[in-house]
Amino acid sequence: MSELLQTTYYNNTVLEWLTAMGIILGAIVVGKITYKIFSVGFRKITSKTKTKLDDIIINMIEEPIIGILVITGIWYALRSLNLSEGLITLTGHIVQFAIFMMIAWLLARLLDALIEEYVVPITESSENDMDDQLLPILRKGLRVIIWCMAIIIGLNNAGYDVAALIAGLGIGGLALAMAAKDTVANVFGGFTILTDKPFKINDRVQVAGFDGTVKEIGIRSTRIKTLAGRVVTIPNSKFADSPVENVSWEPTRKIVLDLGLTYDTSPENMEKAIEILQKIASADESINEETKVFFSGFGDFSMNIRLIYYIKKSGDIAATQNRINLAILKQFNEAKLEFAFPTQTLYNINSSH
């Protein structure tokens with residue numbers, strides 16, 4: 001048995017390989033025990049406190065810390081083996097980089113949880129919609145910064161020349177920027193939306209041939225739910241290049257209704273029709289006082305009356321139009337006012353030769 005343990009494979013005896021594996025398994029076991037301590041022991045303690053901060057910290061750091069412990073155990077196991085100098089250096093760099101990634105994961109999780117617990121309720125309770133639009137961008141931006149800093153520091157500690165790498169990226173960045181000019185335009189379009197505020201979330205807008213409600217404003221694109229119920233993703237550059245009509249900002253909805261009466265309608269009945277329309281519009285509480293009714297002209301088949309009225313923002317547009325149209329139909333029928341329809345009269349002239 002002792003001879004088997006002393007057998008050498010890749011410059012290490014079987015005993016040394018088993019010892020390294022035991023260290024790795026021990027690190028995993030320590031990680032499991034640490035997880036249990038965090039999930040059971042510490043959570044019981046933090047649940048008794050009044051603040052949620054300690055609960056958030058425990059929940060967010062337990063998994064990254066366990067990962068750091070396991071990685072450290074793997075590093076010690078590799079250090080116990082007789083490896084070449086180059087391989088030891090390489091594994092050390094990999095372990096250092098992995099630890100920095102775990103730290104970045106820990107910070108990103110912790111920061112995101114703190115924002116969710118303390119900042120999001122404040123933005124939801126505020127009347128200003130600007131913070132609701134900026135918060136998702138801020139959260140994504142902070143995560144990107146944390147991961148970028150961790151990668152740079154990790155590579156630097158791993159022995160790589162980060163300054164030369166960044167300089168190389170700067171040279172290649174110009175070509176990348178030229179290739180990604182549409183993305184850059186969309187990003188600047190997103191900032192234009194946030195600063196100029198042509199619309200906000202839940203506003204109804206018409207842009208680029210689409211009519212719908214704004215559901216999400218992102219850095220690169222904006223999502224609109226159309227009247228058909230479909231979600232359309234529009235690049236933010238479209239909002240900078242195209243006219244945007246904010247339907248939600250209209251103080252009233254203008255409705256233009258043209259009615260045609262037959263040509264045998266007397267002037268008195270035309271005046272009566274105008275009076276009926278005026279009374280119908282004035283009696284409806286959803287219509288403001290800017291109603292206009294007038295004899296608009298002589299058509300090919302009818303004498304036309306135009307009714308222009310404005311539905312208040314608080315009124316139901318479809319229901320108001322329905323009430324007005326039914327009232328017109330009912331009262332015009334009662335007054336014996338006939339609507340015109342396309343007709344044609346033929347005159348036959350007999351001539352003798």
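Colleague: Please explain the side chain of Ser 302 as it appears in this structure.
Modeller: With respect to the secondary-structure elements, Ser 302 resides in the loop between β9 (292-298) and β10 (303-312). A distance of 2.7 Å separates a polar atom in the side chain of Ser 302 from a polar atom in the side chain of Asn 304. What Ser 302 contacts, discounting residues up to four positions off in sequence, is Gly 260, Leu 261, Tyr 263, Gly 297 and Ala 340.

Colleague: Please clarify how the sheet that holds β10 should be interpreted in this entry.
Modeller: Backbone-to-backbone hydrogen bonds pair the strands of a sheet. The strands run either parallel or antiparallel. As summarised here, the arrangement of the three strands in space is β8-β10-β9, forming an open sheet in which the pairing is antiparallel. Both edges of this open sheet fall to β8 (252-261) and β9, since each of them pairs with a single strand only. Here the average twist between neighbouring strands, direction ignored, is 25 degrees. Pairing of β9 with β10 involves six bridges; the strand directions are antiparallel. Bridge pairing in β10 places Gly 297 opposite Asn 304.

Colleague: Would you explain the side chain of Thr 222 in this entry?
Modeller: Turning to its location among the elements, Thr 222 is positioned in strand β5 (residues 221-226). At 2.7 Å, the side chain of Thr 222 forms a polar contact with the side chain of Asn 236.

Colleague: Would you mind showing me how to read the nonpolar core here?
Modeller: Nonpolar side chains in soluble globular proteins generally cluster together in the buried interior. Residues Leu 277, Ile 305, Leu 307, Tyr 309, Ile 324, Ile 328 and Phe 332 are the most contacted members of the largest nonpolar core, which totals 21 residues. At the level of secondary structure, the elements contributing two or more residues to this core comprise β8, α9 (267-283), β10 and α10 (317-334). With near-sequence residues (within four places) excluded, Ile 324 lies in contact with Ile 280, Ala 281, Asp 284, Ile 287, Leu 307 and Tyr 309. Formed by twelve residues, the second largest nonpolar core is a distinct cluster that contains Ile 137, Ile 193, Leu 194 and Ile 234.

Colleague: Just to check I follow, could you spell out unusual backbone geometry for this structure?
Modeller: Peptide bonds are, in most cases, trans, and in most cases residues other than glycine have a negative phi. Its identity is not glycine, yet Asn 202 carries a phi of approximately 80 degrees, on the positive side. Within the fold, Asn 202 resides in the loop between α7 (181-196) and β3 (204-207). Residue classification places Asn 202 among the exposed positions, given a relative accessible area of 54%. Phi at Lys 336 is positive, roughly 60 degrees, even though this residue is not glycine.

Colleague: How should the sheet that holds strand β6 (residues 231-235) be read in this particular structure?
Modeller: Strand order in this open sheet of five strands is β6-β5-β4-β3-β7, and the pairing throughout is antiparallel. Sheet topology places β6 and β7 (245-246) at the edges, where each strand pairs with a single neighbour. Of the strand pairs in this sheet, β3 and β7 are connected by two bridges, and their pairing is antiparallel. From the neighbouring strand, Val 205 faces β7, where its bridge partner is Asn 246.

Colleague: For this particular structure, what's the right way to read the packing of aromatic side chains?
Modeller: Aromatic ring pairs are defined here through the distance separating the ring centres and the angle between the ring planes. Summed over all chains, the structure comprises three aromatic pairs. Note on Tyr 263 and Phe 298: the rings are 6.4 Å apart at their centroids and 20 degrees apart in plane angle, and the pair reads as stacked. In this pair, Tyr 263 is assigned in the loop between β8 and α9 and Phe 298 in strand β9, connecting sequence segments 35 residues apart. Given the relative accessible area of 61%, Phe 298 is considered exposed. Each member of the aromatic cluster is reached from another via a ring pair, and the members are Tyr 263, Phe 295 and Phe 298.

Colleague: Please explain the pairing of β10 as it appears in this structure.
Modeller: Note on strand geometry: in a regular strand, side chains alternate between the two faces of the sheet. The element β10 is extensively covered by neighbouring structure, given that seven of its ten residues are classed as buried. Note: β8 against β10, ten bridges, orientation antiparallel. Note on β10: the bridge partner recorded for Thr 252 is Lys 312. Hairpin connection between β9 and β10: a loop of four residues separates the two successive antiparallel strands.

Colleague: Looking at this structure, how should I read α9?
Modeller: Owing to its 3.6 residues per turn, the α-helix brings residues three or four apart onto one side. Over its 17 residues, α9 runs 25 Å from end to end, which matches the ideal 24 Å to within 8%, given 1.5 Å per residue. All of the buried residues along α9 are Met 270, Ala 273, Ile 276, Leu 277, Ile 280 and Ala 281. Angularly, the buried residues of α9 cover 125 degrees about the axis, an arc narrow enough to put them on a single face. Across α9 from its buried face, at more than 90 degrees, point the exposed residues Pro 267, Glu 268, Glu 271, Lys 279, Ser 282 and Ala 283. For α9, the secondary structure elements touched by its buried residues are β8, β9, β10 and α10.

Cut-off values and rules
- Residues numbered from 1 in each chain as written.
- Predicted model: local features only at pLDDT ≥ 70, side-chain atom pairs only at ≥ 80, totals over all residues.
- Heavy atoms only, no water.
- Helix = DSSP H or I, 4+ residues; strand = E, 2+ residues; numbered from the N terminus.
- Polar contact = N/O pair within 3.5 Å; in protein donor to acceptor, adjacent residues only side chain to side chain.
- Contact = heavy atoms within 4.5 Å.
- Pairing = 2+ DSSP bridges.
- Axes fitted to C-alpha atoms, helices over the stretch in contact; angles between N-to-C directions.
- Core = buried A, V, L, I, M, F, W, Y, C linked by side-chain atoms within 4.5 Å.
- Buried < 20%, exposed > 50% of the residue type's maximum accessible area, 1.4 Å probe, protein only.
- Phe/Tyr/Trp six-rings, centres within 6.5 Å; stacked < 30°, edge-to-face > 60°.
- Expected span 1.5 Å × (residues − 1).
- Arc of directions from axis to C-beta.

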